[in-house]
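Residue-level listing of the chains:
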Amino acid sequence: MSTEALTFACNEKDLADGENLRLEAEGGIAVYRVDGEFYATSDSCSHEKWSLGEEGELEGHEVLCTLHMARFDVRTGAPLCFPAVIALKKYRTVVTDGRVYIAPNND
Ligand code: FES
């Protein structure tokens, strides 16, 4: 698969299950690993600006924003409780040759 249009996120082995990280690309993208799968959303909490990739706590498929305790489903970006009511942008991830990439968002 060509990786030309993709944004490199990390090596597969460098993000353990239950961990997340922040990329600078596209104004900030949070990448999560849950049960061996990689997910990606916009990094900034949709309530106020707070990094989910750096400060969020991943619990299963939910990321907790540690500023005011909103939760999001990392599979869809959907908010799961107040004070967040707006979904995060969702990105598709591609894993190839042990490397994790973010696909361009064509919304
Ligand atoms: S900034 Fe995330 S819940 Fe307020």
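As a convention, each chain's residues are numbered from 1 in the sequence order in which they are written. It should be noted that, the model being predicted, local features are given only for residues of pLDDT at least 70 and side-chain atom pairs only at 80 or more, the latter also being counted only at that level, while totals for whole chains, interfaces and linings use all residues. Side-chain measures here rest on the full set of heavy atoms in the structure, leaving out hydrogens and waters.

Draft legend 1. Here's a closer look at the overall build of the protein chain. A run of DSSP states H or I qualifies as a helix once it reaches four residues; a run of E qualifies as a strand once it reaches two. Both are numbered from the N-terminal end. Of regular secondary structure, the protein chain possesses one helix and 10 strands. Two things to know: the radius of gyration comes from C-alpha atoms, and the globule rule equals 2.2 Å times the number of residues to the power 0.38. In summary, the protein chain has a C-alpha radius of gyration of 13 Å against a globular reference of 13 Å for 107 residues, a match within 12%. Expressed as lengths along the three principal axes of its C-alpha atoms, the size of the protein chain is roughly 40 × 25 × 20 Å. For every residue, the accessible area (1.4 Å probe, protein chains only) is compared with the maximum for its type, and the residue is labelled buried under 20%, exposed over 50%, or partly exposed between those bounds. Put simply, the protein chain has 107 residues, and 41% of those count as buried. Contacts are assigned to residue pairs with any non-hydrogen atoms lying within 4.5 Å of each other. Look at the contacts in the protein chain between residues 6 or more apart in sequence, and 39% of them connect residues 24 or more apart. Areas reported here follow the Shrake-Rupley algorithm with a probe of radius 1.4 Å; residue values treat only the protein chains shown as occluding. Roughly 5,800 Å² of accessible area belongs to the protein chain as shown, and the carbon and sulfur atoms make up 47% of that amount.

Draft legend 2. How the structure looks around the environment of valine 63. Within the secondary structure layout, valine 63 lies in strand 6 (residues 62-64). In the structure, valine 63 is positioned 10 residues away from glycine 53 in sequence and 9.1 Å away in space, judged by C-alpha atoms. If near-sequence neighbours (up to four positions away) are discounted, valine 63 is found in contact with Asn20, Tyr32, Leu52, Gly56, Glu57, Leu58, Ala70, Arg71, Phe72 and Val74.

Draft legend 3. The arrangement of the sheet that holds strand 2 (residues 20-23) in detail. By the convention used here, strands pair only if DSSP detects at least 2 bridges between them. Taken together, the four strands give an open sheet; going across it, the order is 2-3-4-8, and neighbouring strands pair in antiparallel fashion. A strand with exactly one partner marks an edge of an open sheet, and here the two such strands are strand 2 and strand 8 (90-91). Across four bridges, strand 2 lies against strand 3 (residues 29-34) in antiparallel orientation. In the sheet register, leucine 23 faces strand 3, and the bridge partner there is isoleucine 29.

Draft legend 4. Representation of the state of the cysteines. Only a pair of cysteine sulfur atoms within 2.5 Å counts as a disulfide in this structure description. A full pass over the atoms with the stated rule returns zero disulfides. With no disulfide partner, cysteine 81 has as its closest neighbouring cysteine sulfur the one in cysteine 45, 9.6 Å distant.

Draft legend 5. Focus on the pattern of salt bridges. One side-chain nitrogen of Lys or Arg within 4 Å of one carboxyl oxygen of Asp or Glu is enough to make a salt bridge. Applying the stated criterion across every chain yields a total of seven salt bridges. Taking the shortest distance from any N to any O, the salt bridge between arginine 33 and aspartate 17 comes out at 3.8 Å. Here aspartate 17 lies in the loop between strand 1 (7-11) and strand 2 and arginine 33 lies in strand 3, a separation of 16 residues in the sequence. Its relative accessible area of 15% is what places arginine 33 among the buried residues. For arginine 22, the salt bridge goes to aspartate 43, with nearest N and O atoms at 2.7 Å. Of this pair, arginine 22 sits in strand 2 while aspartate 43 sits in the loop between strand 4 (37-42) and helix 1 (52-55); the two residues are 21 residues apart in sequence, bridging distant segments of the chain. With relative accessibility at 3%, the residue aspartate 43 sits in the buried group. Among the charged side chains, a salt-bridge network with shared partners connects Arg22, Glu24 and Asp43.

Honestly, that's just the spatial picture; any functional story needs more than this.
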